[in-house]
Structure formats: structure tokens, C-alpha cells
Amino acid sequence: MGKGSVAGGEYLRNMQDARFCSDGTARWVEVCYCPTPLQEERPYWEQYSKLVKVQDAHDRRQCRDQNGSEPWACGNCDCTKRLERKLATLGDPFLETLRDR
């Protein structure tokens, strides 16, 4: 997974933390530094899944990486951590669900 991509390690982390929800969707939080969410990753993910909804964690104008006040801020952003904690309470672990099927 992610072979040849600069974000390959992030893909693996995403699937490790992803959750399979009762509505049949898989959900994960991806730290994204692109001006458009999943700008670089979308072609990769679309080979394996249908992206139903992609959204920013918060208003990009408030993003310290995006506005230039703190380069690479997204890696330790509070909004990302909050979303990851919330996600961990939903559904079942995605990879475990795949293995069981």
C-alpha cells in the first residue's frame, strides 16, 4: 500500500486507524498538506474505494500551515488529534473487519 508514493507511510497509518462504520463506510483522518484535500492522494485512493465525502478538519484560513504562520503544523494540529479521538469511538477497526471477512 502506498508503494512509490511520498505519502506511503501515511496511507498505512490511515488504514491502521481507519474505522468501519455501521453504514458500510470506512472513515479515517488524513493529515493533508495540499491546498485541496487529497489533491495528490485522490487518484491512489480511488483505485480502491469510492470517496463519498472529503472534508477539512476546520476552516483552512485558520490552518497555520496553510496561512504560512507555522510550516508543517498539520502534523501536530489539535483539530487532527480531536478528530482521531472521536473516530476511535466509531464502528470497528477497519483492517480487523477486512481480515474477518
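Quick caveat, the model's predicted, so the values are computed rather than measured. For every chain, the first residue of the written sequence is number 1, and numbering continues from 1 onward in sequence order. Only residues with pLDDT of at least 70 get local features here, since the model is predicted, and only at 80 or more are side-chain atom pairs given and counted; chain-wide, interface and lining totals rely on the full set of residues. The side-chain quantities take in all heavy atoms of the structure and omit both hydrogens and water.

Asker: Is there a simple way to think about the overall build of the protein chain in this case?
Answerer: Secondary structure follows DSSP: runs of H or I at least 4 residues long count as helices, runs of E at least 2 residues long count as strands, and numbering of each begins at the N terminus. Broken down by element type, the protein chain carries 4 helices and 3 strands. Secondary structure elements of the protein chain, listed N to C terminal, follow the sequence α-β-β-α-α-β-α. We compute the radius of gyration over the C-alpha atoms and compare it with the globule rule, which gives 2.2 Å times the number of residues raised to the power 0.38. For 101 residues, the compact-globule estimate of 2.2 N^0.38 gives 13 Å, and the protein chain sits close to it at 14 Å. By the burial criterion, 32% of the 101 residues in the protein chain qualify as buried. Counting only carbon and sulfur atoms, one obtains 50% of the accessible surface of the protein chain, whose full area is about 7,200 Å². Taken as two groups, the 16 positive and 16 negative side-chain charges of the protein chain have centres that lie 3 Å from each other. Each residue is placed in one exposure class: buried if its accessible area under a 1.4 Å probe, protein chains only, is under 20% of its type's maximum, exposed if it is over 50%, and partly exposed if it falls in between. Note on areas: these come from Shrake-Rupley sampling with a 1.4 Å probe, and a residue is covered only by the protein chains present in the view. Think of it this way: Lys and Arg go in the positive column, Asp and Glu in the negative one, and His and the chain ends go nowhere. We put the charge of a Lys on NZ, of an Arg on CZ, of an Asp on CG and of a Glu on CD.

Asker: It is not clear to me how the side chain of glutamate 41 should be interpreted in this structure. Could you clarify?
Answerer: Mapped onto the elements, glutamate 41 comes out in the loop between β2 (26-27) and α2 (42-46). Salt bridge, as applied in this entry: a Lys or Arg side-chain nitrogen positioned within 4 Å of an Asp or Glu carboxyl oxygen. No salt bridge is formed by the buried glutamate 41; the nearest opposite charge belongs to arginine 42, separated by 8.3 Å. Should any heavy atoms of two residues lie within 4.5 Å, those residues are considered in contact. For glutamate 41, the contacting residues outside a window of four places in its chain are Ala7, Tyr11, Glu30, Cys32 and Cys34.

Asker: Teacher, can you tell me more about unusual backbone geometry here?
Answerer: Glycine aside, residues mostly have negative phi angles, and peptide bonds mostly take the trans form. One non-glycine residue, tryptophan 72, lies in positive phi territory at about 65 degrees. When you line up the elements, tryptophan 72 lands in the loop between α2 and α3 (78-87).

Asker: Before we go on, may I ask you to explain helix α1 (residues 8-17) in this structure?
Answerer: Two residues of an α-helix separated by three or four positions point the same way, owing to the 3.6 residues in each turn. All of the buried residues in α1 are Gly8, Glu10, Tyr11, Asn14 and Met15. With its buried residues spanning 155 degrees around the axis, α1 presents them on a single face. Away from its buried face by more than 90 degrees, α1 exposes Gly9 and Gln16. Where α1 is buried, its residues contact α2 and α4 (94-100). Here, the arc refers to the directions that run from the helix axis to the C-beta atoms.

Asker: Just checking my understanding: could you explain the nonpolar core for this structure?
Answerer: What tends to happen in soluble globular proteins is that the nonpolar side chains get buried as a cluster. Residues belong to one nonpolar core when they are buried, are Ala, Val, Leu, Ile, Met, Phe, Trp, Tyr or Cys, and are joined through side-chain atoms within 4.5 Å. Ranked by size, the top nonpolar core spans 10 residues in total: Ala7, Tyr11, Met15, Ala18, Phe20, Leu38, Tyr44, Trp45, Leu51 and Phe94. Put simply, the parts of the chain that give this core at least two residues each are α1 and α2.

Asker: What is the right way to read the packing of aromatic side chains from this model?
Answerer: Given two aromatic rings, their pairing is described by the distance between the two centres and the angle made by the two planes. Each Phe, Tyr or Trp ring, with Trp reduced to its six-membered ring, pairs with another whose centre is within 6.5 Å; inter-plane angles below 30 degrees give stacked pairs, above 60 give edge-to-face pairs, and intermediate values give tilted ones. All chains considered together, the criterion is met by 5 aromatic pairs. Ring centres of tyrosine 11 and tyrosine 44 lie 4.6 Å apart, and the angle between their planes is 15 degrees; on these two criteria the pair is classed as stacked. With a gap of 33 residues between them, tyrosine 11 in helix α1 and tyrosine 44 in helix α2 connect regions that are remote in the sequence. Residues tyrosine 11 and tyrosine 44 agree in their burial class; the two are buried. Seen from their ring centres, tyrosine 44 and tryptophan 45 are 5.7 Å apart, and the 75 degrees between their planes marks the pair as edge-to-face. Using a relative accessible area of 2% as the deciding quantity, one classes tryptophan 45 as buried. Taken together, the ring pairs in this structure connect Tyr11, Trp28, Tyr44, Trp45 and Tyr48 into an aromatic cluster.

The values reported here are purely geometric and, on their own, carry no functional implication.
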